Amino acid sequence: METKYLKINPADNVVVAISDLKAGETITVDGHAITLKEDVPAGHKVTLKDFAQGENIIKYGYPIGHAVTAVEQGRWINETQIKTNLAGLLDYTYNPVSVDLNIPKKDLTFKGYRRKNGDVGIRNEVWIIPTVGCVNGVAERLARMLEKETRAEGIDGIRAYTHNYGCSQLGDDHEHTRQILRNMALHPNAGSVLIIGLGCENNQPDAFRALLRDYDTERIRFMVCQHEEDEMESGMKILRDLYARMVEDRRTEVPMRKLRVGLKCGGSDGFSGITANPLLGCFSDYLVAQGGTTVLTEVPEMFGAETLLMARCKDETVFRKTVSLINDFKNYFISHGQPVFENPSPGNKAGGISTLEEKSLGCTQKSGTTAVCDVL
């Protein structure tokens, strides 16, 4: 028999329509028959009880907001009848929980590119990185020329990572740009990197070179346009040399513990929290059990589910960093006169997500159940 609705957690007082439900249909939940009083689209919620105004709606075992008005049992309940419980900054208490994954650690490998510093890439690409936005055009043109000349045969791609920064920046703003560009230059998916400077920018190439510290000088090269008679000719000469080195690279078997995977959602709806995101959570737990790492992103989509992550922090230091991460991000919204709960999007709502708490409780499932080891 086709399953047409799902109660996710025993504590829930709503169910999710798996397919479109029609007024007059009867659903049976925990032995109780409920007749629907209106049509309910797939992905949306059906009330299992009569809600009083202000009463919490429970999904995933946690409140996702409260009823704006009284709502009868058997009704479609959505963003028009549910209001978030989120407000400003909160005080948190560290109440750790431990989880035994019971997932065996196997000697599994994947085929990756070993780098000189011990890092491993899953791709082998040429990256062209400007130190300043003024040379974006040079970077893009060089990337197109190399691609036309080589067709990227034997490698995985040629990328020009243009940006509008590197000059007229001050303090932390400037330093953040430098750190991001540094991390890109050292990224293991880049088999080689050409860093292009103009020569007069704040982000001076020599200072940026010093920021890289002990880097692979055979694979990371610099060009300063104002020092070249013909920057296109000089740039292509460097890129040809880098490309020639890269085509000799080969994938080798690498322990799975070397994998670092970023977790990011795209286009959430009422099914994301019961399909794709829990599946990613299983993957995350499995990878962590093998010694690998996953990174949960999109901090505003943790609001309302942050206490679950805080309880998984490996120690109080990481807990305090998580509290700072959440409250600092909330304060960013508040300091600009914006609400912390200005989410979900219209598309999310059309798909069955009513509040930010509901979205967050679904989104954070991507991280599985393992310990939170650090905050970046």
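Residues numbered from 1 in each chain as written. Predicted model: local features only at pLDDT ≥ 70, side-chain atom pairs only at ≥ 80, totals over all residues. Heavy atoms only, no water.

Peer 1: What is the right way to look at the overall build of the protein in this model?
Peer 2: When its secondary structure is counted, the protein shows nine helices and 18 strands. Across its three principal axes, the protein shows a C-alpha extent of roughly 80 × 50 × 45 Å. Split into buried and exposed, the 376 residues of the protein put 45% on the buried side. For the protein, long-range pairs separated by at least 24 residues make up 71% of all intrachain contacts whose partners lie at least 6 apart in sequence. On the protein, roughly 19,400 Å² of surface is accessible, and the fraction owed to carbon and sulfur atoms is 50%. One finds the centroid of the 44 positive side-chain charges in the protein at a distance of 4 Å from the centroid of its 50 negative side-chain charges. (Helix = DSSP H or I, 4+ residues; strand = E, 2+ residues; numbered from the N terminus. Buried < 20%, exposed > 50% of the residue type's maximum accessible area, 1.4 Å probe, protein only. Contact = heavy atoms within 4.5 Å. Areas by Shrake-Rupley, 256 points an atom, 1.4 Å probe, with all protein chains shown as cover. Lys, Arg positive; Asp, Glu negative; His and termini not counted. Charge placed at Lys NZ, Arg CZ, Asp CG, Glu CD.)

Peer 1: Whenever I open this one, the pairing of strand 12 (residues 125-130) confuses me. Can you help?
Peer 2: Regular strands place their side chains on alternate faces of the sheet. Taking burial as the measure, the six residues of strand 12 include six buried ones, the bulk of the element. Residues Glu125, Trp127 and Ile129 line one face of strand 12 and the alternating positions Val126, Ile128 and Pro130 line the opposite face, and both faces are buried. Strand direction decides the pairing type here: strand 12 and strand 13 (residues 157-160), joined by four bridges, are parallel. Of the residues in strand 13, the one forming a bridge with Val126 is Ile158. You can see the chain leave strand 12, run along helix 1 (residues 136-150) and come back into strand 13, and the turn it takes is right-handed. With six bridges joining them, strand 12 and strand 14 (residues 190-197) adopt parallel strand pairing. Bridged to Glu125 within strand 14 is Ala190. (Pairing = 2+ DSSP bridges. Right-handed = clockwise from strand over helix to strand, strands pointing away.)

Peer 1: Which parts of the structure should I look at to understand the pattern of salt bridges?
Peer 2: When their charged atoms lie close together, side chains carrying opposite charge are able to pair. Inspection of every chain in the model, using the stated rule, returns 23 salt bridges. A salt bridge links Glu253 to Lys111; the nearest nitrogen and oxygen atoms lie 3.0 Å apart. Here the residue Glu253 occupies a position in strand 16 (residues 252-255), and Lys111 occupies one in strand 10 (residues 109-114), the gap between them amounting to 142 residues. Judged by relative accessible area, Lys111 falls into the partly exposed class, the value being 48%. Lys330 is paired through a salt bridge with Glu306; the nearest N and O atoms lie 3.6 Å apart. (Salt bridge = Lys/Arg side-chain N within 4 Å of Asp/Glu carboxyl O.)

Peer 1: What exactly am I supposed to notice about the sheet that holds strand 6 (residues 56-59) here?
Peer 2: Sheet strands line up and pair through hydrogen bonds in the backbone, either parallel or antiparallel. One open sheet accounts for three strands, arranged 6-7-9; its pairing is antiparallel. Looking at which strands have only one partner, the edges of the open sheet turn out to be strand 6 and strand 9 (82-83). Bridging between strand 6 and strand 7 (residues 62-67) involves four bridges; their strand directions are antiparallel. Looking across to strand 7, one finds that Lys59 is bridged to Tyr62. Relative to strand 7, helix 9 (residues 356-363) is tilted by about 165°, and along the sheet it contacts strand 6 and strand 7. (Axes fitted to C-alpha atoms, helices over the stretch in contact; angles between N-to-C directions.)

Peer 1: Just to check I follow, could you spell out helix 3 (residues 205-212) for this structure?
Peer 2: Side chains of residues three or four places apart in an α-helix project in the same direction, reflecting 3.6 residues per turn. When we look at burial in helix 3, the residues that qualify are Pro205, Phe208, Leu211 and Leu212. Across the axial projection of helix 3, the buried residues extend over an arc of 110°, all falling on one side. Helix 3 presents Asp206 and Ala210 as exposed residues on the side facing more than 90 degrees away from its buried surface. Considering only its buried residues, helix 3 is in contact with helix 2 (171-185), strand 14 and strand 15 (220-224). In the segment just after helix 3, Arg213 is the residue with positive phi, at about 60°. (Arc of directions from axis to C-beta.)

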